[in-house]
Amino acid sequence: MPIQYHSSTKTFHLYNDSISYIFMILENGTPGQLYYGSRLSDKEDFSELLEMKRRANAPCTYEGNLLFSLEHLKQEYPLYGHGDLRYPACSIQKENGSHIFEFQYVSHSIYKGKNRIKGLPAIWCENSDDMESLEVVLEDQRTDTQLTLYYTICTHLPVIARHALILHNGHSSITLQRMMSCNVDLIDDAWDMIQLSGAWSRERHVSSTPLRPGVQSVYSMRGHSSAQFNPFLALKRKECSETAGECMGFTLLYSGSYLAQVEVDNYHVSRVQLGIHPDCFEWTLQQGESFETPEAVYVYSEHGLNGMSQAFHTLFNHHLVRGTYRLQDRPILINNWEATYFDFDEEKIVRIAETAAKAGIELFVLDDGWFGNRNDDHRGLGDWYANVSKLPHGIAGLSERIHAIGMKFGLWIEPEMVNMDSDLYRAHPDWVMIDPDYVPCHGRNQYVLDFSRREVVDHIFNMLDHVLDGADVNYIKWDMNRTMSEVYSRSHSSDRQGRVMHEYILGVYDLYERLMQKYPDILFESCASGGSRFDAGMLYYAPQAWTSDNSDAIERLKIQYGTSFVYPPSCMGAHVSAVPNHQVFRNTPLNTRANVAFYGAFGYELDLSKLSDEEKEEVRQQVAFMKKYRHVFQYGTFYRLSSPFESNETVWMSVSEDRSTAIVGYYRVLNEVNVGYRRVRLAGLDENAVYTINGTDQATDGRELMKAGLVISDYTSGENGETYNGRNGDFISRLYVLES
Ligand code: DGJ
C-alpha cells in the first residue's frame with residue numbers, strides 16, 4: 001500500500017519505490033509536515049522528525065509549554081492565527097471580521113485510484129493500481145466549516161498531487177481571501193530556485209538563483225498563466241546537474257492567475273506554496289457552499305533535472321492528456337499564418353495545401369482571418385462564421401477540398417475575444433469585461449469576453465458548434481491574444497467580483513470540455529500569442545500547445561530547452577518557417593530549422609510553393625524522416641545534455657522506450673576557429689548494446705557513448721581552404737540516429 005496511516009502516532013506515510021511524504025496530526029489537531037524526499041522505510045513512529053525548540057518571542061499554544069509554537073513547526077496547510085506568522089495557505093474572513101480559524105483532524109480515507117475534480121483539470125488514471133489517494137477531513141467547529149486536504153501518490157512515478165476543498169455548513173457566511181492548493185515546509189533552504197520566465201517570443205527561459213530569506217515567487221495576475229512566469233518552480237541542490245543530484249519540481253494544473261512562492265523563514269525552513277493568486281481572488285461561501293482549489297503536482301528526483309523532467313513528461317503523457325490523441329503520434333501539419341497572414345482566399349489556401357500534400361504533410365491548418373469581416377486585426381473577432389469574400393464555399397467547402405487532396409483539415413479560433421467592430425459586440429456590448437465608467441485598455445485592438453457568464457460561453461459554443469457540425473474539422477488551434485486588464489463583470493454583484501478571474505477560467509475549461517465531448521476526434525492545440533498559456537491545466541484539454549510565436553531555430557533552442565523542464569516534446573508545437581525569419585530576421589539552414597522542430601509536434605509555417613525544387617525535395621525528406629522517427633521524438637525519454645543558456649552548443653536527445661533507437665540533436669550557434677576537441681556524453685542508452693550511427697558502419701557500444709562520449713568536434717581550422725557550403729559556418733546542426 002503506498003499510503004499508510006499509523007494510528008498510534010496519527011502519522012500518514014505516502015511512499016513508493018522512490019519517494020516518501022510524511023505528516024502527522026499534531027497535539028493541537030492540525031496536520032504537521034515531517035518529511036518530503038527520497039524513500040524512507042516505513043515505521044509506526046516518525047516523531048523524531050518533529051523538531052521543536054524554545055525560541056524567544058514565539059507565540060506558544062499551551063500554557064507552561066514553551067516548545068510547541070506554530071511559528072516554528074512545519075505544517076501541511078497553515079492558517080493565519082494561532083502563532084504561525086509566515087504566509088498562510090488559507091486566509092478566511094468571518095462576518096465579524098475575524099480571520100481566526102482552526103481546522104482540526106476529524107477523519108480520513110484512503111482509496112485506490114483517484115477521483116476527478118469537477119470543472120478543473122487533474123491528473124487521472126485508468127487503472128486504479130497506478131495511483132492511491134488520501135483525503136484528510138479537518139473541521140473548524142466554531143464556524144461549522146470543513147477543510148479537506150486531498151493527496152494522491154503515483155505508484156510508479158515520484159509524483160504527489162494535492163489540492164484542497166472547503167465546505168461551509170455554518171449559518172453566517174465566510175469569505176475566502178487566499179486558498180492555496182498546497183503547502184510544504186521543507187527542512188532547509190540550501191536550494192537554488194529555478195524558474196521559467198520571459199516574455200512574448202522569449203518564453204520559458206531558464207534562470208536559477210539561490211534561495212534567500214524572505215519570499216521569492218513567480219506569479220501571474222494577467223488572467224492567463226503567462227509567458228512572463230510559467231506556473232512552475234524547481235528547487236535543486238547546488239551540486240545537482242542535469243543527470244545527477246537532488247531536486248524537486250512543483251507545478252499547478254491551472255491556466256489563470258496564480259502564485260507559486262517559496263518563503264524562507266528565519267530558521268531556514270523553506271515553505272513552498274502554489275495556488276490561485278490571492279490578489280485576484282475573493283470568494284464568499286454561504287451555508288452549504290464549497291470551494292475547490294486547482295491541483296498542484298510535486299515531482300522529486302535524485303537523478304538530476306532530467307529525472308525531474310522525465311517524471312513530469314511521463315505523468316502528463318499518460319495521466320493528464322486525454323482523448324483520441326493521448327500517446328498518439330501527432331500529425332505533421334502546415335499552418336498558413338506566416339505564409340499569408342490575413343491575405344488569402346480559397347485558391348491560395350488550396351495551392352499551399354497541394355504543395356504540402358506532395359511533400360507528405362498530413363494536416364492543413366487555416367489560421368486567423370477566415371471569419372466575419374476579419375481582414376486585419378481590428379475587426380471580426382466574435383463572428384464565428386466564414387468570410388465568404390475569401391472563402392466562397394465556406395469552411396465546409398474548403399475542408400472538402402483539403403480532404404480531397406488527401407489532408408486533414410484544421411481551423412484557428414479565438415473564442416474568448418471580441419473586437420468592437422463585430423456583430424457580436426454590436427449585439428452584446430455588455431459581454432465585454434470592462435468597467436464602463438472608464439476607458440478600457442485594448443490589446444491588439446480586442447477585448448476580453450466575460451466567460452464568467454454562462455450565457456456568453458453558451459453563445460460561443462453554439463456558434464462554434466454550428467461551424468464544426470457542418471464541416472469535417474480534425475484539429476483546432478485555440479488562440480488567446482491578450483491579457484486581462486480591467487477585470488469586472490457587469491453581471492456580478494459587488495460582493496461577487498472577486499470570483500470573476502477564476503470563474504473566467506472555469507468558463508474556458510467548460511467550453512473546452514463541451515467541444516471535446518461533442519467532437520472527441522478533434523485534436524486541440526492551445527495557444528496564447530504563442531506560449532502565454534503553456535501550462536499543465538491546458539494539457540488536460542489540448543494535448544499540444546503552440547510553444548512560441550518565435551519560430552527562429554536558434555531562438556527556439558532556448559525556448560524548447562526551457563519548456564522541456566516540465567512539458568514533454570509531444571505537446572510542443574514546433575514548426576519550420578521561412579527565412580529570413582519573421583521575428584528575428586535570421587537566416588538559418590533549412591535542415592537546422594527542421595532539426596530543432598523535430599523534437600516536438602512538428603509542422604511547417606511557410607508557403608512551400610515559394611521554395612526551390614531542391615528545398616522542396618529536402619522538405620519531402622524531412623517529412624519522411626519525421627514519419628519514421630516521430631514516436632521517438634515525441635514520446636522517447638528526453639535528455640538535455642548541453643544548455644543553450646550556458647554554451648554555444650546545445651545538445652539534447654530522445655531515447656525510445658526499449659532503448660534500441662536514440663536520436664541526438666546537436667546545434668552550434670556560431671562557428672569558431674581552431675577550438676578544442678569536443679565530445680558529448682550521451683545518456684539513457686543500453687550500455688551493453690552496440691549502436692550504429694546514422695546507418696553507417698560506425699558501431700559503438702552504449703557504455704562508450706555514455707562514458708567516453710560522442711565525438712562532435714568539427715570546427716573550422718581557418719587554414720584548410722574550406723569554403724561555406726550552407727552546412728558549415730554559423731547555425732549548423734546535426735542529428736545522430738543511433739540504432740542497436
Ligand atoms: C497568435 C498566434 O500565436 C499565431 O500563431 C497566430 O495564430 C496569430 N495569433 C493569429 O492572429
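It should be noted that the structure appears before, not after, this text.
Residues numbered from 1 in each chain as written. Predicted model: local features only at pLDDT ≥ 70, side-chain atom pairs only at ≥ 80, totals over all residues. Heavy atoms only, no water.

A. Up close: the side chain of Arg 499. Here Arg 499 shows up in the loop between strand E26 (475-478) and helix H7 (500-518). The class of Arg 499 is buried, set by a relative accessible area of 7%. Among the polar contacts listed, one links the side chain of Arg 499 to the backbone oxygen of Thr 284, at a separation of 3.0 Å. Once residues within four sequence positions are removed from consideration, Arg 499 is found in contact with Glu 282, Trp 283, Thr 284 and Glu 289. (Helix = DSSP H or I, 4+ residues; strand = E, 2+ residues; numbered from the N terminus. Buried < 20%, exposed > 50% of the residue type's maximum accessible area, 1.4 Å probe, protein only. Polar contact = N/O pair within 3.5 Å; in protein donor to acceptor, adjacent residues only side chain to side chain. Contact = heavy atoms within 4.5 Å.)

B. Spatial organisation of the packing of helix H3 (residues 346-358) against helix H4 (residues 394-404). At a minimum axis distance of 10 Å, the contact between H3 and H4 shows a crossing angle of 25 degrees. The angle between H3 and H4 places the two elements in the roughly parallel class. Helix-helix and strand crossings are classified by hand; for H3 and H4 the assignment is right-handed. Judged by residue contacts, Glu 346, Glu 347, Ile 349, Val 350 and Ala 353 of H3 engage Leu 398, Arg 401 and Ile 402 from H4. Taken together, the residues of the contact of H3 with H4 sort by class into 5 nonpolar, no polar and 3 charged. (Axes fitted to C-alpha atoms, helices over the stretch in contact; angles between N-to-C directions. Parallel < 35°, antiparallel > 145°, perpendicular 65-115°, else oblique. Left-handed = near helix turned anticlockwise from the far one by under 90°. Nonpolar A, V, L, I, M, F, W, Y, C, P; charged D, E, K, R; others polar.)

C. Fine view of the side chain of Arg 640. Residue placement: Arg 640 occurs in strand E31 (residues 637-642). Here the side chain of Arg 640 touches Ser 309 through a polar contact of 2.8 Å, side chain to side chain. There is a polar contact of 3.0 Å between the side chain of Arg 640 and the side chain of Ser 564. Beyond its immediate chain neighbours, meaning those up to four positions away, Arg 640 contacts Glu 242, Leu 305, Asn 306, Ser 309, Tyr 561, Ser 564, Phe 565, Val 651 and Trp 652.

D. Summary view of unusual backbone geometry. A cis geometry characterises the amide bond from Val 579 onward to Pro 580, with omega recorded as -10 degrees. Its place among the elements puts Pro 580 in the loop between strand E29 (572-577) and helix H10 (590-597). A positive phi angle is found at Asn 674, which is not glycine, with a value near 60 degrees. If you check the backbone angles, Phe 731 has positive phi at about 60 degrees while not being a glycine.

E. Just the sheet that holds strand E22 (residues 363-366), in detail. Ordered by their spatial adjacency, 8 strands build a closed barrel running E21-E22-E23-E26-E27-E28-E29-E30, and the pairing between neighbours is parallel. Averaged over all pairs of adjacent strands, the angle between their axes in this sheet comes to 30 degrees, without regard to strand direction. Bridge analysis of E22 against strand E23 (residues 408-413) gives 4 bridges, and the strand direction is parallel. Opposite Phe 364, over in E23, you have Phe 409 as the bridge partner. (Pairing = 2+ DSSP bridges.)

F. Structural detail: the sheet that holds strand E38 (residues 732-739). Reading across the sheet, the 6 strands line up as E31-E32-E33-E38-E35-E36 and stay open at both edges, with antiparallel pairing between neighbours. Two strands in the sheet have a free side with no partner beyond their single neighbour: E31 and strand E36 (699-701). Adjacent strand axes in the sheet meet at a mean angle of 25 degrees when their direction is disregarded. Of the strands in this sheet, E31, strand E32 (649-655) and strand E33 (661-668) are in contact with helix H9 (residues 553-563), which crosses E32 at around 45 degrees.

G. Representation of the site of the ligand within the structure. Taken together, the neighbourhood of the ligand is formed by 13 residues, with Asp 367, Asp 368, Lys 477, Asp 479 and Asp 549 sitting nearest. Asp 368 is positioned such that a nitrogen or oxygen atom in its side chain is 2.7 Å from an oxygen atom of the ligand. Between Trp 546 and the ligand, the recorded distance is 3.3 Å, taken from a side-chain N or O atom to an oxygen atom. Within the complex, 97% of the 290 Å² of free accessible area of the ligand lies under protein. (Near = heavy atom within 4 Å. Areas by Shrake-Rupley, 256 points an atom, 1.4 Å probe, with all protein chains shown as cover.)

H. Molecular detail of the packing of H10 against helix H11 (residues 613-635). The N-to-C vectors of H10 and H11 enclose an angle of 20 degrees; their axes lie 11 Å apart at closest approach. By the angle class used here, H10 and H11 are roughly parallel. For H10 against H11, the interelement crossing comes out right-handed. Residue-level contacts link Leu 590, Asn 591 and Ala 594 of H10 to Glu 615, Glu 618, Val 619 and Gln 622 of H11.

I. Up close: the packing of aromatic side chains. In total, this model carries 46 aromatic pairs according to the counting rule given. On the basis of an interplanar angle of 70 degrees and a centroid distance of 6.2 Å, the ring pair of Tyr 599 and Phe 638 is categorised as edge-to-face. On the criterion of sequence distance, the pair formed by Tyr 599 in the loop between H10 and strand E30 (601-605) and Phe 638 in strand E31 is long-range, its members being 39 residues apart. According to the relative accessible area criterion, Tyr 599 is buried, its value standing at 1%. A residue is classified by how much of its surface remains accessible, and Phe 638, at 3% relative accessible area, is buried. Positioned over the ring face of Trp 191 is Arg 237, at 3.6 Å from the centre of the ring. Positioned over the ring face of Tyr 561 is Arg 640, at 5.8 Å from the centre of the ring. (Phe/Tyr/Trp six-rings, centres within 6.5 Å; stacked < 30°, edge-to-face > 60°. Lys NZ or Arg CZ within 6 Å of the ring centre and 35° of its normal.)

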